[in-house]
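For reference, the chains in residue letters:
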Amino acid sequence: MRTFLRYALIAAGIYAAALLYHYQLGAIPFLLLSFYFFYEAYKVIRYGDKEESEEDGSLLNSQE
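Predicted model, so just to flag it, every value in this text is computed and none were measured.

### Some thoughts on the overall build of the chain
Okay, step 1: Across its full length, the chain carries 3 helices and 0 strands.
Okay, step 2: Of the regular secondary structure in the chain, the N- to C-terminal order runs α-α-α.
Okay, step 3: Residues counted as buried form 11% of the 64 residues belonging to the chain.
Okay, step 4: Accessible area of the chain: about 5800 Å², with a carbon and sulfur share of 67%.

Following this line, the structure appears as structure tokens:
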């Protein structure tokens, strides 16, 4: 569910960026989108991506 929410937020950001870019205000949503990507990267670096590690854990453990 969280993955879908992330994709929906990114899609909404891209749509808003295209709309505001038409009015020559394109830098604003791209700046906000870059803050979002930095936040997501910080979470993964700091806390790890626990959702993917649980799903892929069995695959990695079977190769050991």
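### Describing helix 2 (residues 27-47)
In an α-helix, one full turn covers 3.6 residues, which means residues spaced three or four apart are oriented alike.
Okay, step 1: Given a rise of 1.5 Å per residue, 21 residues ought to cover 30 Å, and the 30 Å separating the end C-alpha atoms of helix 2 matches this to within 8%.
Okay, step 2: For helix 2, every residue scored as buried is listed here: Pro29, Leu33, Tyr36 and Glu40. All buried residues of helix 2 project into a common sector of 55 degrees when viewed along the axis, lining one side. When the buried face of helix 2 is taken as reference, the exposed residues oriented beyond 90 degrees from it are Ala27, Phe35, Phe38, Ile45 and Arg46.
Okay, step 3: Check the buried side of helix 2 and you find it contacts helix 1 (2-22).
Okay, step 4: Two residues or fewer after helix 2 comes Gly48, characterised by a positive phi angle close to 80 degrees.

Analysis parameters
- Residues numbered from 1 in each chain as written.
- Predicted model: local features only at pLDDT ≥ 70, side-chain atom pairs only at ≥ 80, totals over all residues.
- Heavy atoms only, no water.
- Helix = DSSP H or I, 4+ residues; strand = E, 2+ residues; numbered from the N terminus.
- Buried < 20%, exposed > 50% of the residue type's maximum accessible area, 1.4 Å probe, protein only.
- Areas by Shrake-Rupley, 256 points an atom, 1.4 Å probe, with all protein chains shown as cover.
- Expected span 1.5 Å × (residues − 1).
- Arc of directions from axis to C-beta.
- Contact = heavy atoms within 4.5 Å.

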